[in-house]
Amino acid sequence: MTVSGPGFYPEPEPRPVVPGASAVEQLRKEGNELFKCGDYEGALTAYTQALGLDTTPQDQAVLHRNRAACHLKLEDYDKAEKEASKAIEKDGGDVKALYRRSQALEKLGRLDQAVLDLQRCVSLEPKNKVFQEALRNIGGQIQEKVRYMSSTDAKVEQMFQILLDPEEKGTEKKQKASQNLVVLAREDAGAEKIFRSNGVQLLQRLLDTGETDLMLAALRTLVGICSEHQSRTVATLSVLGTRRVVSILGVDNQAVSLAACHLLQVMFDALKEGVKRGFRGKEGAIIVDPARELKVLISNLLELLTEVGVSGQGRDNALTLLIKVVPRKSPKDPNNSLTLWVIDQGLKKILEVGGSLQDPPGELTVTANSRMSASILLSKLFDDLKCDAERENFHRLCENYIRSWFEGHGLAGKLRAIQTVSCLLQGPCDAGNRALELSGVMESVIALCASEQEEEQLVAVEALIHAAGKAKRASFITANGVSLLKDLYKRSETDSIRIRALVGLCKLGSAGGTDFSMKQFAEGSTLKLAKQCRKWLCNDQIDAGTRRWAVEGLAYLTFDADVKEEFVEDEAALKALFQLSKSDERSVLFAVASALVNCTNSYDYEEPDPKMVELAKYAKQHVPEQHPKDKPNFVRARVKKLLAAGVVSAMTCMVKSESPVLTNSCRELLSRVFLALVEEVEDRGTVVAQGGGKALLPLALEGTDVGQTKAAQALAKLTITSNPEMTFPGERIYEVVRPLVSLLHLNCSGLQNFEALMALTNLAGISERLRQKILKEKAVPMIEGYMFEEHEMIRRAATECMCNLAMSKEVQDLFEAQGNDRLKLLVLYSGEDDELLRRAAAGGLAMLTSMRPSLCSRIPQVTTHWLEILQALLLSPNQELQHRGAVVVLNMVEASREVASTLMESEVLEILSVLAKGEASPVTRAAAACLGKAVEYRLIQPNQDGE
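A quick note: this is a predicted structure, and the numbers were derived from the prediction, not measured.

S.K.: Looking at this model, I keep getting lost on helix α43 (residues 750–764). Mind explaining?
M.R.: Because an α-helix completes one turn every 3.6 residues, residues spaced three or four positions apart along the sequence face the same direction. In this model, α43 (15 residues) spans 21 Å end to end at C-alpha, consistent with the 21 Å of a helix rising 1.5 Å per residue. In terms of burial, α43 is a largely internal element, 11 of the 15 residues being buried. Buried residues of α43: Gln752, Asn753, Phe754, Glu755, Ala756, Leu757, Ala759, Leu760, Thr761, Leu763 and Ala764, and no others.

S.K.: Just checking my understanding: could you explain helix α6 (residues 111–124) for this structure?
M.R.: Compared with the 20 Å implied by 1.5 Å per residue over 14 residues, the 20 Å span of α6 between its first and last C-alpha is a close match. All of the buried residues in α6 are Leu111, Ala114, Val115, Asp117, Leu118, Cys121 and Val122. One side of α6 carries all its buried residues, which in axial view fall inside an arc of 160 degrees. In α6, the exposed positions angled more than 90 degrees off the buried face are occupied by Asp112 and Leu116.

S.K.: Before we go on, may I ask you to explain the UniProt feature "repeat: TPR" (unreviewed entry) in the chain in this structure?
M.R.: The sites that UniProt annotates as "repeat: TPR" (unreviewed entry) are residues 24–57 and 95–128. Helix makes up 76% of residues 24–57 and strand 0%. Its end C-alpha atoms lie 12 Å apart. A distance of 11 Å separates the end C-alpha atoms of residues 95–128, which is 79% helix and 0% strand.

S.K.: Sorry if this is basic, but what is going on with the nonpolar core here?
M.R.: Buried together is how nonpolar side chains tend to be arranged in soluble globular proteins. Counting residues in hydrophobic clusters, the biggest one holds 255 residues, and the most contacted among them are Ile298, Phe394, Phe674, Leu677 and Leu903. Broken down by element, this core gets its largest block of residues, 10 residues, from helix α15 (residues 254–273). Other than its neighbours up to four places away in sequence, Phe394 contacts Ile343, Leu347, Leu378, Leu381, Phe382, Leu385, Pro428 and Ala431. Listed in part, the 16 residues of the second largest apolar core include Val95, Tyr99, Leu118 and Ile138.

S.K.: It is not clear to me how the side chain of Asp834 should be interpreted in this structure. Could you clarify?
M.R.: In this fold, Asp834 is placed in the loop between α48 (822–829) and α49 (835–851). Among the polar contacts made by the side chain of Asp834, one reaches the main-chain amide nitrogen of Leu836 at a distance of 3.1 Å. Beyond its immediate stretch of four places on either side in the chain, Asp834 contacts Glu792 and Arg796.

S.K.: I'm lost on the packing of aromatic side chains in this one. Help?
M.R.: Tallied over the full model, the rule gives 3 aromatic pairs. With centroids separated by 5.2 Å and ring planes inclined at 40 degrees, the aromatic side chains of Tyr99 and Phe131 adopt a geometry described as tilted. One end of the pair, Tyr99, is in helix α5 (residues 95–107); the other, Phe131, is in helix α7 (residues 129–150), with 32 residues separating them in the sequence. Here the two residues Tyr99 and Phe131 agree in accessibility, since each one is buried. The ring centre of Trp405 lies 4.7 Å from the NZ or CZ of Arg416, which sits over that ring. The ring centre of Tyr734 lies 3.9 Å from the NZ or CZ of Arg769, which sits over that ring.

S.K.: What is the right way to look at the packing of helix α10 (residues 188–196) against helix α13 (residues 230–240) in this model?
M.R.: When two helices pack together, their arrangement is given by the angle between the helix axes and the distance between those axes. Interaxial distance between α10 and α13 falls to 12 Å at its minimum, and their mutual angle equals 35 degrees. Helix-helix and strand crossings are classified by hand; for α10 and α13 the assignment is left-handed. Counted together, Asp188, Ala191, Glu192 and Phe195 of α10 and Arg232, Ala235 and Thr236 of α13 form the full contact between these two elements. By residue class, the composition of the contact of α10 with α13 is 3 nonpolar, 1 polar and 3 charged.

S.K.: What should I look at first to understand the packing of helix α46 (residues 792–805) against α49 in this one?
M.R.: One way to put it is that α46 packs onto α49 with a least axis distance of 8 Å and a crossing angle of 20 degrees. Of the possible angle classes, the one that applies to α46 and α49 is roughly parallel. When the axes of α46 and α49 are compared, the crossing they make is left-handed. Here Arg795, Arg796, Thr799, Glu800 and Cys803 of α46 come into contact with α49, specifically with Leu836, Leu837, Ala840, Ala841, Gly843 and Gly844. Of the residues that constitute the contact of α46 with α49, the class distribution is 5 nonpolar, 3 polar and 3 charged.

S.K.: Looking at this structure, how should I read unusual backbone geometry?
M.R.: Glycine aside, negative phi is the norm for most residues, and most peptide bonds take the trans geometry. Backbone geometry at Asn601 places phi at a positive 55 degrees, although glycine is not the residue there. What makes Asn601 buried here is its relative accessible area of 17%. Even without being a glycine, Arg938 presents a positive backbone phi close to 65 degrees. Among the residues examined, Arg938 registers a relative accessible area of 68% and is labelled exposed.

S.K.: Any chance you could explain the pattern of salt bridges here in plain terms?
M.R.: Pairing is possible between side chains that carry opposite charge, provided their charged atoms lie close to one another. Counted by the stated rule, this structure contains 44 salt bridges. Where Glu702 meets Arg667, a salt bridge forms, and the shortest distance between an N and an O atom there is 3.8 Å. One end of the pair, Glu702, is in the loop between α38 (692–701) and α39 (705–721); the other, Arg667, is in helix α36 (residues 664–677), and 35 residues separate them in sequence. Between Arg839 and Glu880 there is a salt bridge, with the nearest N and O atoms lying 3.5 Å from each other. Taken together, the residues Arg839 in helix α49 and Glu880 in helix α52 (residues 879–895) connect sequence positions 41 residues apart. Looking at Arg839, the relative accessible area reads 27%, which means it is partly exposed. A relative accessible area of 34% means that Glu880 is categorised as partly exposed. The network of salt bridges with common partners includes Lys564, Glu565, Asp630 and Arg638.

S.K.: Quick question: what am I supposed to make of the confidence of the model for the chain here?
M.R.: Caution applies to low-pLDDT regions: their predicted coordinates should not be interpreted in detail. Scored by pLDDT, the chain has a mean of 83; 87% of the residues are at 70 or more. Low pLDDT, under 50, characterises residues 274–287; the predicted model gives this stretch 30 contacts beyond four residues in sequence or across chains.

S.K.: What should I look at first to understand the environment of Asn335 in this one?
M.R.: Mapping Asn335 onto the fold places it in the loop between α17 (312–325) and α18 (337–354). Between the C-alpha atom of Asn335 and that of Lys386, which follows or precedes it by 51 residues, the distance is 9.7 Å. Within polar-contact distance, the side chain of Asn335 engages the side chain of Ser337 at 2.7 Å.

S.K.: How should I be thinking about the environment of Gly413 in this particular structure?
M.R.: Its location among the elements puts Gly413 in helix α21 (residues 410–426). Sequence spacing of Gly413 and Arg403 is 10 residues, and the spatial spacing of their C-alpha atoms is 9.4 Å. Beyond its immediate stretch of four places on either side in the chain, Gly413 contacts Trp405 and Phe406.

S.K.: Please explain the environment of Thr55 as it appears in this structure.
M.R.: Summarising the element assignment, Thr55 is placed in the loop between α2 (40–51) and α3 (57–73). Separated by 31 residues in the primary sequence, Thr55 and Val24 place their C-alpha atoms 7.1 Å from one another. Ignoring any residue separated from it by four or fewer positions in sequence, one finds Thr55 in contact with Val24, Ala50, Gln60 and Leu63. In terms of polar contacts, Thr55 uses its side chain to reach the side chain of Gln60, at 3.2 Å.

Scoring rules and cut-offs
Residues numbered from 1 in each chain as written. Predicted model: local features only at pLDDT ≥ 70, side-chain atom pairs only at ≥ 80, totals over all residues. Heavy atoms only, no water. Helix = DSSP H or I, 4+ residues; strand = E, 2+ residues; numbered from the N terminus. Expected span 1.5 Å × (residues − 1). Buried < 20%, exposed > 50% of the residue type's maximum accessible area, 1.4 Å probe, protein only. Arc of directions from axis to C-beta. UniProt positions renumbered as here; feature names shortened; annotations may be inferred. Core = buried A, V, L, I, M, F, W, Y, C linked by side-chain atoms within 4.5 Å. Contact = heavy atoms within 4.5 Å. Polar contact = N/O pair within 3.5 Å; in protein donor to acceptor, adjacent residues only side chain to side chain. Phe/Tyr/Trp six-rings, centres within 6.5 Å; stacked < 30°, edge-to-face > 60°. Lys NZ or Arg CZ within 6 Å of the ring centre and 35° of its normal. Axes fitted to C-alpha atoms, helices over the stretch in contact; angles between N-to-C directions. Left-handed = near helix turned anticlockwise from the far one by under 90°. Nonpolar A, V, L, I, M, F, W, Y, C, P; charged D, E, K, R; others polar. Parallel < 35°, antiparallel > 145°, perpendicular 65-115°, else oblique. Salt bridge = Lys/Arg side-chain N within 4 Å of Asp/Glu carboxyl O. pLDDT = per-residue confidence, 0-100.

Below is the structure:
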């Protein structure tokens, strides 16, 4: 709206100016002339001078409204509004002042106030068309503003204004704006709006504030912007700076560091995978080299590892990212160049973290989980190597680093070298074992075990424990180190030393595994060790990092069935174990999972062939023996005690952990335990109630092949015996399909195939969307294959599954297609001796002939025994089979007069006549409907009674 209209120009009052008029009048007239000439500053000066003289209220009103006109022309709308308001204070009915204030308010965006002034103008001068037009225009602007404010662009701008307003600090309004911004960024369209609205620069300002809430909002919004969008990610890194983004990881704020870790993970994924969605932003033309951007990010992460001042949590998060990003996802990928590059550029930095001491704190700040994270990263890097030359280079770099510290740095250097060896022994143990063989290392470990300094003893004892991992080295230490460990355990006054010495003894004492006949120690010794471990585990006065070692000891000792039995009877020990698994001490996860696997006997075990046992005894070979308390009835009892103690909720928390300690091997152990927990039908309700169904989904979708299969089988068992919609509420139910379909592959056992088919049958009967999901996972060809399986239970389950899937149009199309035997198979199965198979096949036939009448005329063509099969169904003593047969016949009669004629000329007519006279039931009604249709076709005649 333009600032023009009647009365805009200052006008002389209607009264005549007489000679000798006042100075006020002369100045006002001078101002008016200057205004008309466009000299608004001059006019403003004249009106101001006039106001400084002795004026009447009426003169003041005129001068103020004229000053408002000048400010409007000078586009100083705040002052224009104030001057017009002063004029209205002097004269409430001054229509010109009201109009000018409305113009100023309009320009200031205060349309709701402007419209009130215009409405007042129209009421004072109802015939003034300019006022009416102005009112219509401003009304349209108000509507447009409402639409604009509801648009995404306006919301984005408004949210940033609130977040960057220093006066809104800590308010509920600011918190809501940050939440809305994050939610908006989760949708690709919203993320693009933020990006196009200069969002990255504005988010940078939020990061620069240093306020936790604002930094978290900015980081989470950036996650949405960068998610699965390569070009936006590159642009974001360009604006923020790679170094700046990575440096946020190192802040001494756990929440902010984790949020930055998530952002960097999303950035890595975007750079690796590119844009998965179809949307392209305006920046899509940017040409980038993803490999270069990846290396820049990884290089900064490696630098962060050894930077002084970086928080321990930040260092752990950097290690976590490297674990996720650097190694190949699949050994099928031939390109491991990124791993080789990281080994060359950053192996020493990773080893430096692995060799750092937590207590007393060294130059680098580390947490209780740092060394374990470094071990896992080293292990993954080593496993990603493809040839001996690459592995030899890894060994050489590790040995050179350890030797550099071991020689020439005194006792502190030796401690660091031994700590680094421990790190390697927990990760790539081949590299650790080779490092132990370096001159003087093992001797130093043994010597330092006798040191009077607790820190030195801790480092040495831990190295000794990890060195006992291999059978070869365990036997060496059994011969040379057991007495040393026993001496430390008995004489040390420090719990942290005693508990580690005890773990070493536990590890050596369990060298025979589950073999009852191979015991390293005297009878009862393992029980004494286990009792002491449980005692330390239950001692709340000991820190979590030390109590973790008690769990390590139990993880080894629970190979012994006597130890398992005592452990599950100790409710306090189980409670302490589960509480520790939920704590921040994430390095305990693998030990907890190992102990649970042992207690539930969920490790792989095959009963030996009796003939092979006899042959081994004859050849004087060692034959493994199973402990009597590892028999199935003992195992079932232990499982029930674990369930009662709350094992499922503890495992659910473990699965949720985002720590790198939750390795694929650890996931596999948890999957094994879950499978053992759901083995008995009556226990499955407890598992579901405590969140087991939700926890199994990620285990079935990520991890080792064995772990995923075990978790998928546990999901199948839950889906078979419980209501899937309650076990997996909401969208989660659709995530179950893929793991179940994976169990149909030929490399899975017959039991796994059967349970998967049963579970898919339940899902297929729930909704069309679930059936479509099963079809999308390409399960139908595999299900069809199992319909030919020799095992009757698998064949029946596949047929039942196909029966439920037949409700989908796509499956019906398969049966209707020419040149296949699908329909023939169902017809033949409807005549099998297996009643359950007949029921499934007849149900499928009834469904298909109802949905696709064209199939009815093809039934007589698929086999010459079709009439016998239908008659057998109609004559079955099983009401359900009889009903399905009657429905098939009714569908055939209704579909074709020719088929109906053939049926009526056979014994089917007599059978239907008998069935129609029975007691009212679905079978009776279907039979009567068949006869009624035959009468309609005039194939038969009703009798005299009209029947």
